[in-house]
Amino acid sequence: MAGNRFLACITDFFTYETTKSVVVKSWLVGSINRFVQLLIIVYFVGWVFLYEKAYQTKDTGIESAVMTKVKGFGRYSNQVMDVADYVVPQQGTSVFCIITRLITTANQTQGFCAQNGKRYKCSSDHDCDTHLGSHLASGIFTGTCLTDVGQCEVEGWCPTEDDSVSTSFMAEAENFTIFIKNSIRFPLFGVTRGNFAPKINIACIYDPVTNPYCPIFRVGDILKLANETFSTIARQGGQIGIHIRWFCNFDEPVDNCRPSYSFTRLDDVFGENTVSKGYNFRFAKYYRTPSDDDYRTLHKAFAIHFDVMVSGDAGKFDVIPTLINVVAACTSVGLATVLCDVILLNFLRGADQYKAKKFEEVSGEGVDAKSEYESQSQSLQTLKTELKEVSCESRLQFANGHQP
């Protein structure tokens with residue numbers, strides 16, 4: 001008995017089942033079916049394979065190095081300023097600032113003095129107590145009101161800064177140039193590229209149409225391409241992003257792998273704010289007198305902050321992603337059948353007839369009754385066969401008995 005069950009399991013395993021097909025002759029459903037199939041095919045061919053290039057292996061782990069150099073001379077406060085004066089930091093990294101306006105507080109020494117600003121006016125020491133512990137001033141509040149000037153007293157670098165004064169910006173900064181040297185590597189494919197050829201015209205200036213691969217950028221052109229006005233950003237400062245994008249197709253020659261540049265205002269979201277508009281920072285230059293007394297010159301700098309960002313990916317044909325997406329496309333075409341079944345079963349006239357044709361419900365009792373009926377039918381058929389054989393033999397004997 002156990003052997004028969006095992007043999008039955010083996011027999012059931014090596015069987016093939018096929019779906020029952022129902023042909024529905026309907027122009028509406030047939031049109032919907034073909035239209036949906038066409039949409040799916042167009043999506044996979046047009047978007048997945050041609051645009052997204054899903055038949056390729058992708059390398060998004062781009063490795064990048066950036067070096068920058070700024071060139072240009074400007075005149076500010078009756079002084080000629082060069083790169084060492086207006087570029088911070090001076091190391092030539094991917095993040096740097098070009099100072100366009102300064103508020104200078106000269107000859108500061110350590111001591112006690114009045115804190116500049118309307119909010120720090122006072123008539124008695126009580127008015128200054130509210131500022132004790134504040135970090136918004138230029139020093140530590142002592143709680144004393146200097147009644148002769150009507151300002152609260154602080155201890156720190158004196159005289160304190162007055163950043164309400166109006167100063168001009170360095171107009172020459174619009175014509176400064178930025179040289180960007182960018183090297184990248186796609187480790188998956190072992191390909192290294194640079195953003196300019198070994199031989200380059202050092203007099204070129206980047207232009208998105210006529211000279212899109214020149215690595216030398218004019219500050220005014222960058223701001224125009226970022227939809228910004230030089231005079232506004234030079235006065236208040238701001239943050240500009242320089243995006244270098246590498247999208248390479250290594251099914252083509254490697255020389256076709258070149259960068260594209262785009263520019264945007266990074267702090268544009270704060271354009272409507274009234275607090276801390278633009279971009280500014282402070283730095284000081286320190287000195288010592290012959291009598292060993294320290295003093296400094298404080299600078300509040302308004303600058304254009306540049307951030308060079310590199311991104312990209314590379315792709316190359318591979319059999320595995322191609323097969324995966326081909327199978328996905330073939331499977332997705334079957335979604336048209338699912339949609340048409342939903343329409344036929346729920347929304348069209350005659351849905352009950354379609355359900356009767358598509359689905360066959362069989363209960364356990366029905367299966368037993370059917371098996372019993374088939375057994376009785378088989379027995380009856382066997383009985384009829386035996387009766388026919390007996391009848392034939394009788395006829396033969398009768399025919400032999402009456403021969404002359």
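Numbering of residues starts from 1 in every chain and runs along the sequence as written. In keeping with the predicted nature of the model, local features appear solely for residues at pLDDT of at least 70, side-chain atom pairs appear and are counted solely at 80 or more, and the whole-chain, interface and lining totals rest on all residues. Water and hydrogen atoms were dropped before computing side-chain values, which therefore reflect all heavy atoms in the structure.

1. Some words on helix H8 (residues 335-346)
One turn of the α-helix equals 3.6 residues, which is why residues spaced by three or four share an orientation. Only DSSP runs of H or I with at least four residues qualify as helices, and only runs of E with at least two residues qualify as strands; both kinds are numbered from the N terminus onward. To estimate the expected span of a helix, count its residues, drop one, and scale the result by 1.5 Å. Between the first and last C-alpha of H8 there are 17 Å, a value that for 12 residues agrees with the 16 Å anticipated at 1.5 Å per step. Only protein chains enter the accessibility calculation, which uses a 1.4 Å probe; a residue whose area is less than 20% of its type maximum is buried, one above 50% is exposed, and one in between is partly exposed. All of the buried residues in H8 are Ala336, Cys340, Asp341, Ile343, Leu344 and Leu345.

2. A short note on the layout of surface pockets
Roughly 490 Å³ of internal volume is contained in the largest pocket. Only protein atoms enter the 1 Å grid, on which a cavity is a set of points fitting a 1.4 Å probe that cannot get out and a pocket is an open set with protein on both sides within 12 Å along at least 5 of 7 lines, lining residues being those with an atom within 4 Å of a point. In terms of lining residues, the largest pocket is bounded by 19 residues, among which Gln115, Leu136, Ser138, Glu161 and Asp163 are the most central. Classification convention: Asp, Glu, Lys, Arg as charged; Ala, Val, Leu, Ile, Met, Phe, Trp, Tyr, Cys, Pro as nonpolar; all other residues, Gly among them, as polar. Residue composition of the lining of the largest pocket, by class: 5 nonpolar, 6 polar and 8 charged. Grid points are joined across faces, edges and corners, and a volume is the space filled by probe spheres set on the points.

3. Comments concerning a nonpolar patch on the surface
In this scheme, patches are assembled from residues that exceed 30% relative accessible area and form no salt bridge. Like charges are connected within 9 Å, while nonpolar side chains (Val, Leu, Ile, Met, Phe, Trp, Tyr) are connected within 5 Å. Methods summary: accessible areas were calculated by the Shrake-Rupley approach with a probe of 1.4 Å, and residue burial reflects only the protein chains presented. Here, a salt bridge means any side-chain nitrogen of Lys or Arg that lies within 4 Å of a carboxyl oxygen of Asp or Glu. On the surface, Phe6, Ile10, Phe13 and Phe14 cluster together into a nonpolar patch covering about 520 Å² of accessible area. Mapped onto the fold, Phe6 is located in helix H1 (residues 2-13). Classification of Phe6 by relative accessible area gives exposed; the value is 58%.

4. Considerations on the state of the cysteines
We call a pair of cysteine sulfur atoms a disulfide when they lie within 2.5 Å. Taken as a whole and judged by the stated rule, the model has 5 disulfides. Across the disulfide from Cys248 sits Cys257; the S-S distance is 1.9 Å. Taking the sign of the S-S torsion, 55 degrees for the link of Cys248 and Cys257, the bridge is right-handed. Take Cys248 and Cys257: they sit in the same class, and that class is buried.

5. Concerning the packing of aromatic side chains
Ring pairs (aromatic) are described by centroid distance and by the angle formed between their planes. Classification of ring pairs uses Phe, Tyr and Trp, with its six-membered ring standing for Trp, and accepts pairs whose centres are within 6.5 Å; under 30 degrees between planes counts as stacked, over 60 as edge-to-face, and the remaining range as tilted. Under the counting rule described, the total for this entry stands at 19 aromatic pairs. Considering the side-chain rings of Phe169 and Phe230, the 5.9 Å spacing of their centres and the 80 degrees angle between planes classify their relative orientation as edge-to-face. In this pair, Phe169 is assigned in the loop between strand S8 (151-158) and strand S9 (177-186) and Phe230 in helix H6 (residues 230-236), connecting sequence segments 61 residues apart. Residue Phe230 is classed as buried on the basis of its relative accessible area of 8%.

6. Considering the nonpolar core
If you look at the biggest cluster of nonpolar residues, it comprises 47 residues, and the most contacted ones within it are Tyr86, Ile98, Ile178, Phe186 and Phe306. For this core, the secondary structure elements donating two or more residues are strand S6 (95-114), S9, strand S11 (216-218), helix H5 (219-225), H6, strand S12 (238-249), strand S13 (259-265) and strand S15 (294-317). It is S15 that provides the largest number of residues to this core, a total of 6 residues. Sequence-distant contacts of Tyr86, defined by excluding residues within four places in its chain, comprise Val70, Lys71, Gly72, Phe73, Met81, Cys97, Ile98, Ile99, Met170 and Phe176. Only buried residues count toward a nonpolar core, which is a set of Ala, Val, Leu, Ile, Met, Phe, Trp, Tyr and Cys residues joined through side-chain atoms within 4.5 Å. Core analysis: the next-biggest nonpolar cluster, separate from the first, contains 10 residues, Cys113, Ala137, Cys152 and Cys158 among them. Contact between two residues is taken to exist if any of their heavy atoms lie within 4.5 Å; hydrogens are not considered.

7. Thoughts on the packing of helix H2 (residues 27-51) against H8
Orientation of H2 relative to H8, taken along the N-to-C sense of each, is 150 degrees, at an axis distance of 9 Å. Comparing the axis directions of H2 and H8 gives the class roughly antiparallel. H8 is crossed by H2, and the crossing has right-handed handedness. Contacts from Val29, Ile32, Asn33, Val36, Gln37 and Ile40 of H2 reach H8 at Leu335, Ala336, Thr337, Leu339, Cys340, Ile343 and Leu344. Looking at the contact of H2 with H8, its residues break down into 10 nonpolar, 3 polar and no charged. Angular values range over 0 to 180 degrees, each being the angle between N-to-C directions of two axes fitted as lines to C-alpha atoms, with helices fitted over their stretch in contact. For classification purposes, angles smaller than 35 degrees are called roughly parallel, those larger than 145 roughly antiparallel, those between 65 and 115 roughly perpendicular, and all remaining angles oblique. Crossing handedness is read from the near helix: turned anticlockwise from the far helix by less than a right angle, it gives a left-handed crossing, and turned clockwise, a right-handed one.

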